[in-house]
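# Residue-level structure breakdown
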Amino acid sequence: MNSLKDTLYASPLGDVDGFKFDNSVVDVFPDMIQRSVPGYSAIISAIGLLASRFAQPDSVCYDLGCSLGAATLSMRHKISAANCKIIAVDSSTAMLSRCQKIITRDTAAIPVELICSDIQDIKIHNASVIVLNFTLQFIPLADRDAFIGQIYNGLRPGGLLILSEKLMFSDARQQALQTEMHHAFKKSHGYSDMEISQKRASLENVLIPETFKQHKDRLLQSGFDNAEVWFQYFNFASLIALK
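All of the points below concern the structure found in this document. (Residues numbered from 1 in each chain as written. Predicted model: local features only at pLDDT ≥ 70, side-chain atom pairs only at ≥ 80, totals over all residues. Heavy atoms only, no water.)

### Section: the nonpolar core
The biggest cluster of nonpolar side chains holds 40 residues, and the ones touching the most others in it are Ile47, Ala55, Cys61, Met75, Ile79, Val129 and Val131. Taken together, the elements giving at least two residues each to this core come down to α1 (23-36), α2 (40-54), α3 (70-76), α4 (93-105), β4 (127-133), β5 (155-166) and α7 (193-203). If one sorts the elements of this core by residue count, α2 sits on top with 7 residues. With residues up to four places along the chain from it excluded, the contact list for Ile47 reads Ala71, Ser74, Met75, Val131, Asn133 and Ile162. With 25 residues, the next largest nonpolar core counts Ile122, Ile130, Leu136 and Phe147 among its residues. (Core = buried A, V, L, I, M, F, W, Y, C linked by side-chain atoms within 4.5 Å. Buried < 20%, exposed > 50% of the residue type's maximum accessible area, 1.4 Å probe, protein only. Helix = DSSP H or I, 4+ residues; strand = E, 2+ residues; numbered from the N terminus. Contact = heavy atoms within 4.5 Å.)

### Examining the state of the cysteines
Applying the stated rule across the entire model yields 0 disulfides. The structure places no disulfide on Cys99, whose sulfur is separated from the nearest cysteine sulfur, that of Cys66, by 4.5 Å. Residue classification places Cys99 among the buried residues on the basis of a relative accessible area of 0%. (Disulfide = S-S within 2.5 Å.)

### Concerning the packing of aromatic side chains
For the structure shown, the criterion picks out 9 aromatic pairs. Seen from their ring centres, Phe21 and Phe138 are 5.4 Å apart, and the 80 degrees between their planes marks the pair as edge-to-face. One end of the pair, Phe21, is in the segment before α1; the other, Phe138, is in the loop between β4 and α5 (141-154), with 117 residues separating them in the sequence. Joined through ring pairs, the aromatic side chains of Phe19, Phe21, Phe29 and Phe138 make up one cluster. When the ring centre of Tyr191 is taken as reference, the NZ or CZ atom of Arg35 above it lies at 3.8 Å. Taking NZ or CZ as reference, Arg53 lies 4.6 Å from the ring centre of Phe54, over its face. (Phe/Tyr/Trp six-rings, centres within 6.5 Å; stacked < 30°, edge-to-face > 60°. Lys NZ or Arg CZ within 6 Å of the ring centre and 35° of its normal.)

### Some points on the environment of Leu114
Tracing the chain through its elements places Leu114 in strand β3 (residues 112-116). Separated by 48 residues in sequence, Leu114 and Cys66 have C-alpha atoms that sit 9.0 Å apart. When near neighbours in sequence (up to four residues on either side) are disregarded, Leu114 contacts Ala88, Leu96, Cys99 and Gln100.

### Concerning the sheet that holds strand β6 (residues 226-233)
What the 7 strands build is an open sheet, ordered β3-β2-β1-β4-β5-β7-β6; its pairing is mixed. What marks the edges here is a single partner per strand, and that holds for β3 and β6. Shown here is a sheet whose adjacent strand axes are inclined to one another by a mean of 15 degrees, direction ignored. Note that β4 and β5 share 6 bridges and pair parallel. When the sheet's bridge partners are listed, Asn133 is paired in β5 with Ser164. Where α5 meets the sheet, it contacts β1 (60-64), β4 and β5, and its direction lies at approximately 145 degrees from that of β5. (Pairing = 2+ DSSP bridges. Axes fitted to C-alpha atoms, helices over the stretch in contact; angles between N-to-C directions.)

### Section: the packing of α5 against helix α8 (residues 212-222)
The geometry of α5 relative to α8 is characterised by a closest axis approach of 9 Å and an angle of 50 degrees between their N-to-C directions. In terms of orientation, α5 lies oblique with respect to α8. The way α5 lies across α8 gives a crossing that is right-handed. In this structure, α5 uses Arg144, Asp145, Ile148, Gly149 and Tyr152 to contact α8, whose residues at the interface are Arg218, Leu219 and Ser222. A per-class count over the contact of α5 with α8 returns 3 nonpolar, 2 polar and 3 charged. (Parallel < 35°, antiparallel > 145°, perpendicular 65-115°, else oblique. Left-handed = near helix turned anticlockwise from the far one by under 90°. Nonpolar A, V, L, I, M, F, W, Y, C, P; charged D, E, K, R; others polar.)

### Re the environment of Leu96
Along the polypeptide, Leu96 turns up in helix α4. For Leu96, a relative accessible area of 9% gives the class buried. As for Leu96 and Gly65, which are separated by 31 residues in sequence, their C-alpha atoms are 9.9 Å apart. What Leu96 contacts, discounting residues up to four positions off in sequence, is Cys66, Asp90, Leu114, Ile115 and Cys116.

### What about the pairing of strand β2 (residues 85-90)?
Of all the 6 residues making up β2, 5 are buried; the element is thus mostly covered by neighbouring parts of the structure. Bridging between β1 and β2 involves 5 bridges; their strand directions are parallel. Looking at β2, one finds that Val60 is bridged to Lys85. As a crossover connection, the stretch from β1 through α3 into β2 is right-handed. Here β2 pairs with β3 via 5 bridges, running parallel. Residue pairing across strands places Ile86 opposite Val112, the latter belonging to β3. At this point the chain moves from β2, through α4, to the parallel β3, and the crossover so formed is right-handed. (Right-handed = clockwise from strand over helix to strand, strands pointing away.)

In structure tokens, the structure reads:
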């Protein structure tokens, strides 16, 4: 479906409200994420390849925080294991409504179940692949350990978690550099300084990033055998954790 250009922060807003995945964001989301998240298309493509490698017969693949279903579709078109299904979950009714239309128009055979819910309330079971694509960063810090524990417990042996996140850095110089380069990326894709500033203000206290070490420590403490970065572009990265 066609996406409008993201101009949500192109005019002075005064007090900037906290970021919400409402209808205004849904309308511009594909454009917004391509111009805001370095390497997003590469990550989506690789999710399908990883799912084709790790999806097990008679299992479930989860897309938690599915938004418009990009990761779901990537998995759907690559999985060949028999009797797999995909469960895609998002708490935004606006996102899921648009996602349903996209899934309906898609012709791949893997069944997809869409669920409108807080992903922390989903009972995960019989999973071979779980995708958290820029989702954990929106969950309160105090809830993240327990949530990753739920994911680990719901994965089959040999299962895979794909965790993509915006990173922060413990070294002040690295943090400043990575932030500067992310802003340069956004400006190279047509965002103005005002748009960047207002979007950043809207995400403050809504999107809470962590360091790679914090993510890896949490994954290992939850029981995963290992966790490593497989992709990074400035302060955006994706990890794979194996059970």
